[in-house]
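# Fold and geometry: a report
Residues per chain, in single letters:
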Number of protein chains: 4
Amino acid sequence: MVRRQARGRQRIGEILDAASALFAEAGYDRTSTNAIAARAGMSPGSLYQYFPNKQAIADALSERLLAELREAHAASFDDTAVAGLPLPDLVSRVVDPLVFFHVTHPGAKVLIGEKGQSLHTGVTDRVGSLLRARSPELPDDDVRRTSTVAVQIVAALMGSIVAAPEPERAALVQELKRALTGYLATPADR
Amino acid sequence: MVRRQARGRQRIGEILDAASALFAEAGYDRTSTNAIAARAGMSPGSLYQYFPNKQAIADALSERLLAELREAHAASFDDTAVAGLPLPDLVSRVVDPLVFFHVTHPGAKVLIGEKGQSLHTGVTDRVGSLLRARSPELPDDDVRRTSTVAVQIVAALMGSIVAAPEPERAALVQELKRALTGYLATPADR
Amino acid sequence: MVRRQARGRQRIGEILDAASALFAEAGYDRTSTNAIAARAGMSPGSLYQYFPNKQAIADALSERLLAELREAHAASFDDTAVAGLPLPDLVSRVVDPLVFFHVTHPGAKVLIGEKGQSLHTGVTDRVGSLLRARSPELPDDDVRRTSTVAVQIVAALMGSIVAAPEPERAALVQELKRALTGYLATPADR
Amino acid sequence: MVRRQARGRQRIGEILDAASALFAEAGYDRTSTNAIAARAGMSPGSLYQYFPNKQAIADALSERLLAELREAHAASFDDTAVAGLPLPDLVSRVVDPLVFFHVTHPGAKVLIGEKGQSLHTGVTDRVGSLLRARSPELPDDDVRRTSTVAVQIVAALMGSIVAAPEPERAALVQELKRALTGYLATPADR
DNA sequence: CATGAATGAGGCTTCATTCAT
DNA sequence: CATGAATGAAGCCTCATTCAT
């Protein structure tokens, strides 16, 4: 029965892989559940053994992406050591795995940035806690707003970055870092 | 026959108004052409007299939005006088009408930011020419890249700005300006 | 434009005819909307131009059947002259057109008898008003109960009657009349 | 292997219990075999070990209901002593256990009354033999017809009876008895 | 040129049934 | 015999587009 569960997990993974690829290619609305099932090598009925409806697939995909993202970031630095880093270094430590992640998971760019989808929320929270660690005196509202803006900037540029061929990609990543650094270094008021 | 053309232009305008409203409410995919026709007070058949298919409506809407946007910006400053402005002032002169425009035309936020749609391209070109005016010595590639990034930042935040209720909206606009100022003020290299 | 409406009414009629036949053959659940459309000589999409969903077709069919039934009964006697009739005659005047009606509209037997469907309610109300006319002193609850029971008896036997070939059919109609006469002639209490 | 068979019988019973409950809740068509299996605490595959298809479950359930019904009736009186009873007493002796049975087995009301399902046939035969015992001189056709009609009347009203809350239920049972007594007491001809 | 009925492919989802384990 | 994942046809309904009037 442990085999059963392992098999189930694998099939869920296949579904999410297929959905990720198709969402990346055509977006959520234009991706049919039958197409996801076909790409995952199963029948439509099987897909519905694992997910109750199309939205649930997107949700689960968001969850998985978020988890993988957390893992990737955890490998890049630990939150406690963050307060002392110079801003450009911090930005690089955050952005680089993020870019790698998105290049590796092109499906992410469709889900991230859509409010209410858990990935977006999760990433924003994570960035918020980083900001909080660096600026403990900042009001909660400002932390939330700044992290939201930062995440949206990243999300906005990520599409171009992922789509760009390699020489240009690096340049765009530079630009993203410049934008974030410039944004976060600029005093909030005035 | 001049009357004919005037009538046609008006009907096209009605279609675009309807499409704009519906795209804003539900997005492109979830807006049906029949709904657009109904909102525009005409039959589906009539709609197809003016547009060959759904995408053409979105394209025409993008064109019209771009034209209106140009007009709005032209009223805010003239390109030739831009070189001397301090950066924060320039940003405000660009961003404020843009925000006003998007608040007034909520449909724009669905179309802007989608690559290949003419609005996006047009706005990027326009920003590029502003950059060029301020930094004549910058390589073409850098101008293009910087303007693309700037436009994407604006597009990314515009959604939240339009959606936010007024006290928060102003705060988000501040953040957008901070982001742009910070980005453009930060030296490209290093 | 009057032609348009006439055409629409006709197509609605065709849909109801088709639904009636199929409901009679297989019942509501086993009748597909695509089958109704096909039998009505139109595409599934056209059907949905006239009805928002499957249940609405059944409802409209019930309404139409009820109206036709009212007409048939109105031709058989007028309510005001009913009080003086001997019970067997009254029963015949009610039952005969009903039987003719059901033989002519086999779809009716699926809809009648299902509580909450308007035909059933309508017929019960009508029978109730007949009872009320004959026995003005009867409590409301008894009128309702008696008419409900009478209608259910008719509905229950109608299936066999419609299904039976002619010599047997007449015999069953006799039985139905006997049942109703016996029921209504028997004093309620004791 | 006796254990085997005992186990099998028990599982069949569980399936029929589950089916009975679900048929009562939603009807035959709207009850899925998977739901039956789940309610019976087994897998779909196991269910199909005992029944070749969905209809066979309904058939077996009808058989079982009929057997239980026979048992209930046998406890209420014996056929040989029936000839001498006054009609109202006979009706009560038949109807009361029937009502109790249906209240106890709500699933029965979906199956009874559907021609060709064995429960209906069985009940009709039983009533026929009662009639035959009381009126030995009656032609076979009349016996069959009368018992069919009587059973259909019972079946028709049973739905309302089972569905009604208690004060109303008793009243409806009274009505049912009145209907049967009236029907059977009324001379067949003229 | 307007109309709106008509089309039919296709989307999401369910479910009776089978089969590998 | 049990399990439950797998199947795939089919059901209800939508919608971009066309065409007769």
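Scroll up a little and you will see the structure.
As the structure is a prediction and not an experimental result, all values here were calculated from the model.

What follows deals with the interface of chain A and chain B. On the chain B side, the residues contacting the 25 residues of chain A number 25 residues. Across the chain A to chain B interface the summed buried area is about 2,400 Å²; carbon plus sulfur atoms make up 54%. Taken together, the links from chain A to chain B amount to twelve residue pairs in polar contact (both at pLDDT 80 or more). Going through the elements one at a time, helix 8 (140-163) and helix 9 (166-185) of chain A are the ones with two or more residues in the side of chain A that touches chain B.

Moving on, we get to the relation of the copies chain A and chain B. Superposition of the two copies of the chain requires a rotation about an axis and a shift along the axis. After a rotation of 178° and a shift along the axis of 0.0 Å, chain A superposes on chain B with an RMSD of 0.4 Å. On this basis, the relationship between the two copies can be described by a two-fold rotation axis. Residue Gly-182 of chain A of chain A places its C-alpha closer to the rotation axis than any other residue of that unit, at 2.1 Å. Take the interface residues of chain A: 100% of them recur as interface residues in chain B, which is what a same-surface contact looks like.

Once chain D has been moved 0.1 Å along the axis and rotated by 178°, it coincides with chain C to within an RMSD of 0.4 Å. Mapped onto chain C, 100% of the interface residues of chain D are again interface residues, and the two copies thus contact each other with one and the same surface.

A separate point is the protein's contact with DNA strand F. As a matter of local geometry, DNA strand F sits amid 35 residues, with Arg-11 and Tyr-50 of chain A, Thr-33 of chain B together with Thr-33 and Tyr-48 of chain C nearest to it. In DNA strand F, atoms within 4 Å of the protein come 62% from sugar and phosphate. A distance of 2.5 Å separates a phosphate oxygen of DNA strand F from a polar atom in the side chain of Tyr-50 of chain A. Of all the elements in the fold, those that place two or more residues in the surface near DNA strand F are helix 1 (2-26) and helix 3 (44-50) of chain A, helix 2 (33-39) and helix 3 (44-50) of chain B, helix 2 (33-39) and helix 3 (44-50) of chain C together with helix 1 (2-26) and helix 3 (44-50) of chain D. Element by element, the count of residues in the surface near DNA strand F is highest for helix 3 of chain D, at five residues. In terms of residue class, the surface near DNA strand F is made up of eight nonpolar, 20 polar and seven charged.

Contacts between chain D and chain C engage 25 residues on the former and 25 residues on the latter. Of the roughly 2,400 Å² buried where chain D meets chain C, counting both sides, 54% is carbon and sulfur surface. On the surface where chain D and chain C come into contact, there are six salt bridges. Measuring nitrogen to oxygen at the nearest pair gives 3.8 Å for the salt bridge that ties Glu-168 of chain D to Arg-144 of chain C. On the surface where chain D and chain C come into contact, there are twelve residue pairs in polar contact (both at pLDDT 80 or more). When contributions to the side of chain D that touches chain C are tallied by element, the ones reaching two or more residues are helix 8 (140-163) and helix 9 (166-185) of chain D.

Conventions used here
Residues numbered from 1 in each chain as written. Chains lettered and ligands numbered in written order. Predicted model: local features only at pLDDT ≥ 70, side-chain atom pairs only at ≥ 80, totals over all residues. Heavy atoms only, no water. Contact = heavy atoms within 4.5 Å. Buried area = accessible area lost by both parts, 1.4 Å probe. Polar contact = N/O pair within 3.5 Å; in protein donor to acceptor, adjacent residues only side chain to side chain. Helix = DSSP H or I, 4+ residues; strand = E, 2+ residues; numbered from the N terminus. Least-squares fit on C-alpha atoms with pLDDT ≥ 70 in both. Near = heavy atom within 4 Å. Nonpolar A, V, L, I, M, F, W, Y, C, P; charged D, E, K, R; others polar. Salt bridge = Lys/Arg side-chain N within 4 Å of Asp/Glu carboxyl O.

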